Amino acid sequence: MPRPIASNEIDSRTAQDIVEAARQELGSPARRLFGRRLLTLGGLSMLTGCTVNGEGDAEKLLMQVSRLNDRAQAWLFDPTRLAPTYPASMITRPFPFNAYYGIDQVPRVAGSTYKLELGGLVADKRPWTLAELNALPQTSQITRHICVEGWSAIGQWGGVPFGLFLKRIGADLSARYVAFKCADDYYTSIDMPTALHPQTLLALRYGDQTLPAKYGYPMKLRMPTKLGYKNPKHIMAITVTNTYPGGYWEDQGYNWFGGS
Amino acid sequence: MMTKQTPQKTPAIHPAWLRTMHWLNAVAVIVMVLSGWRIYDASPIFGFSFPPGITLGGWLAGALLWHFAAMWLLAINGVLYLAFNLFTGRFARKFFPLRPAEILRDLGAALRGRLAHADLRHYNAVQKLAYLFVMVDIAVLVLSGLVIFKSVQFPLLRELMGGYDTARVVHFVAMSLLVAFFIVHVAMVALVPRTLLAMLRGR
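The rules behind each value
Counting restarts for each chain: residues are numbered from 1 in the order of the written sequence. Chains carry letters from A onward and ligands carry numbers from 1 onward, assigned in written order. In keeping with the model being predicted, local features are shown solely for residues with a pLDDT of at least 70 and side-chain atom pairs are shown and tallied solely at 80 or more, while totals for entire chains, interfaces and linings include all residues. Think of the side-chain values as coming from all heavy atoms in the structure, minus any hydrogens and water. Only DSSP runs of H or I with at least four residues qualify as helices, and only runs of E with at least two residues qualify as strands; both kinds are numbered from the N terminus onward. The classification of residues rests on relative accessible area computed with a 1.4 Å probe and restricted to protein chains. Under 20% of the type maximum is buried, over 50% is exposed, and intermediate values are partly exposed. Whether two residues are in contact is decided by their heavy atoms, any of which lying within 4.5 Å being enough. Surface exposure here means Shrake-Rupley accessible area, sampled with a 1.4 Å probe, where a residue is shielded only by the protein chains that are shown. The set of buried Ala, Val, Leu, Ile, Met, Phe, Trp, Tyr and Cys residues whose side-chain atoms join them within 4.5 Å is what this entry labels a nonpolar core. Aromatic contacts are taken between Phe, Tyr and Trp rings whose centres are within 6.5 Å, Trp giving its six-membered ring; a plane angle under 30 degrees counts as stacked, one over 60 as edge-to-face, and the others as tilted. For a ring to carry a charge above it, either NZ of a lysine or CZ of an arginine must fall within 6 Å of the ring centroid while also lying within 35 degrees of the normal to the ring plane. Two strands form a pair only when DSSP identifies at least two bridges running between them. Only the contacting stretch of a helix is used when fitting its axis, a line to C-alpha atoms as for every element, and angles between N-to-C directions run 0 to 180 degrees. Domain limits in this description derive from either an automatic procedure or a database domain assignment. Note: buried area is the sum, over both parts, of the accessible area (probe 1.4 Å) each one loses when the two are combined. Here, a salt bridge means any side-chain nitrogen of Lys or Arg that lies within 4 Å of a carboxyl oxygen of Asp or Glu. Nitrogen and oxygen atoms within 3.5 Å of one another constitute a polar contact, given that in protein one can donate a hydrogen and the other can accept it, and given that sequence-neighbouring residues count only through two side-chain atoms. UniProt positions are given in the numbering used here, feature names are shortened, and annotations may be inferred rather than shown by experiment.

Counting its regular elements, chain A contains eight helices and nine strands. Taking all 260 residues of chain A together, the buried fraction comes to 48%. The long-range share in chain A, meaning contacts at least 24 apart out of those at least 6 apart in sequence, stands at 70%. Accessible surface, chain A as shown: approximately 12600 Å² in total, 56% of it carbon and sulfur.

What follows is the structure, given as structure tokens:
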């Protein structure tokens, strides 16, 4: 979620960072429309003569309530409660492709040279190859993927329990956030209790095949306890941190916790 | 502070707490319904969408922010409304007894335009039924909404609603019934404008 940026933070930013941030800002039509359109109700804003902009009091209040909702959801989240699982006959076929870009823009990550980078509060930051990840204990589950738009689909993901992986790399399990950077410029972050949930998977397979590019090759984080946009695909780097990392959709106004 | 009530004045038709909660509920319901239409449009269940111009939030994220802010107002105000009604005895006094024969009689009279509204302190049987119905309907909206919001965290509620996808249909049908109530409710107020004054200033 957008946080006020301290002036010393801005100073320490490189020019390249600022250009990159501006490019992303301009490249996202949703971002440009967010504040302005938040309050529109037909022609009501014109009728009342109110000027509606991104810095409006209503938007600030709504974002504060969204922070409150993050805390309420964290409080409600039961780390031992499992999402329902389904028989293979109930799998949605074909499982829908969904991203902030079209299927023709799916990134092609080279598996042979792939290395998962680790950062932040992690004891062993050695990068992981796909072969090493595949050598870890694997599990598989059939769960419901729920999109923030309302639709849902049942799919089967297989991979490494994420809690096991975090322990293996010596992550600080008392840290607040786990952040993800992806090959498609997507980024997001989750709370540590969800990261340690028994059904949270570092998914390397879909069904009985290697995770296809359209579903996030070489790996995605699959959490049946979170909405779809919290499940990053094409993960390139994982960081354990106490500094709020935000996310691609979260920075545009979608709720950060995004739990189900 | 002393109230400026003169002795000859009769007590308010609706107590101040009820009027306050009624209007807070009206605000919450309008925000919930209009933002809910925008959320529905992101992935319509049926073969139609709501015109964007009559929805609230501008886009999905904005609509969700409104929806998940107004839900607190709707839920907290609703629980307080029920608690005040039960503990003051207003609930039993105003809504009961409610007999089917009286409902049929008053419904017939209402449809012929012969239902008297001489005493706004007294609800006729159709009113009693309509207000009890809308209480139950909002409760169903909150519960089905909880399943959509938190289907993993409320397993019992999820199964009672028939699963995640069915909960969306329940939520939509309950919303439609609430809108139907709203239309009739406002139409009745237009027919008997004194009721609006009573809900605004108590008499």
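Below, the discussion takes up the nonpolar core. In globular proteins that are soluble, nonpolar side chains generally tend to be buried together. Among the nonpolar cores identified, the biggest contains 39 residues, and B:Phe95, B:Met135, B:Met175 and B:Leu178 are the most heavily contacted of them. Elements that contribute at least two residues to this core include exactly α5 (57–76) of chain A together with α1 (16–42), α2 (60–88), α3 (90–95), α5 (125–149) and α7 (164–191) of chain B. Counting residues per element, this core draws most heavily on α1(B), at eleven residues. The contacts of B:Leu178, once residues within four sequence positions are left out, are B:Val29, B:Val33, B:Val134, B:Asp137, B:Ile138 and B:Leu141. Among the nonpolar cores identified, the runner-up in size contains 30 residues, and A:Tyr114, A:Trp128, A:Leu136 and A:Val160 belong to it.

This next bit is on the packing of aromatic side chains. For the coordinates displayed, the defined rule picks out 38 aromatic pairs over all chains. Of the aromatic side chains, those joined through ring pairs into one cluster are A:Phe97, A:Tyr100, A:Tyr101, A:Tyr186, A:Tyr229, A:Tyr248, A:Trp249, A:Tyr254 and B:Trp59. Stacked on the ring of A:Trp157, the Lys or Arg A:Arg222 has its end atom at 4.2 Å from the ring centre. In this arrangement the basic side chain of B:Lys150 is found over the ring face of B:Phe149, its NZ or CZ atom lying 4.7 Å from the centre.

On to the sheet that holds strand β9 (residues 235–241) of chain A, then. Residue and element names in this part refer to chain A. The strand order β1-β9-β4-β5 describes an open sheet built from four strands, whose pairing is mixed. Edge positions in the sheet fall to β1 (117–120) and β5 (187–191), since each has one partner strand and no second. Neighbour to neighbour, the strand axes of the sheet diverge by 20 degrees on average, direction disregarded. Inspection of the sheet shows strand β4 (residues 177–182) paired to β5 by five bridges, in the antiparallel sense. Its bridge partner lying in β5, Phe 180 is registered against Thr 188.

In this section: the domain arrangement of chain B. All names here are of chain B. The domain architecture assigned to chain B consists of domain 1 (15–44 + 54–96) and domain 2 (99–112 + 120–202). Summarising the inter-unit geometry, the C-alpha centres of domain 1 and domain 2 are found 12 Å apart. Listed per partner, the contact involves 22 residues of domain 1 and 23 residues of domain 2. Between domain 1 and domain 2, a total of about 1800 Å² is buried, with carbon and sulfur atoms accounting for 74% of that surface. Among the residues domain 1 hides against domain 2, the three largest losses belong to Arg 19, Lys 94 and Phe 95. Together they make up 32% of the total. Scanning the region where domain 1 abuts domain 2 turns up zero salt bridges. At the boundary of domain 1 with domain 2, the tally comes to six residue pairs in polar contact (both at pLDDT 80 or more). For the side of domain 1 that touches domain 2, the elements supplying multiple residues, two or more each, are α1, α2 and α3. Looking at the side of domain 1 that touches domain 2, the element that brings in the most residues is α1, giving ten residues.

On the UniProt side, "transmembrane region" (unreviewed entry) is annotated at positions that read residues 21–40, 60–84, 129–149 and 169–193 of chain B here. Helix makes up 100% of residues 21–40 of chain B and strand 0%, and the two end C-alpha atoms of the span are 27 Å apart.

This part takes up the interface of chain B and chain A. Counting from both sides, the interface comprises 33 residues of chain B and, opposite them, 39 residues of chain A. Approximately 2900 Å² of surface area, both sides summed, lies buried where chain B meets chain A, with 63% of it carried by carbon and sulfur atoms. The largest contributions to the chain B side of the interface with chain A come from B:Trp59, B:Leu65 and B:Gln153, which together make up 25% of the buried area. Seen at the junction of chain B and chain A, the total is one salt bridge. The residue A:Arg144 makes a salt bridge to B:Asp165 at a minimum N-O spacing of 3.1 Å. Summed over the shared surface of chain B and chain A, the result is ten residue pairs in polar contact (both at pLDDT 80 or more). Contributions of two or more residues to the side of chain B that touches chain A are made by α1, α2, α6 (155–160) and α7 of chain B. Of all the elements, α2(B) adds the most residues to the side of chain B that touches chain A, at ten residues.

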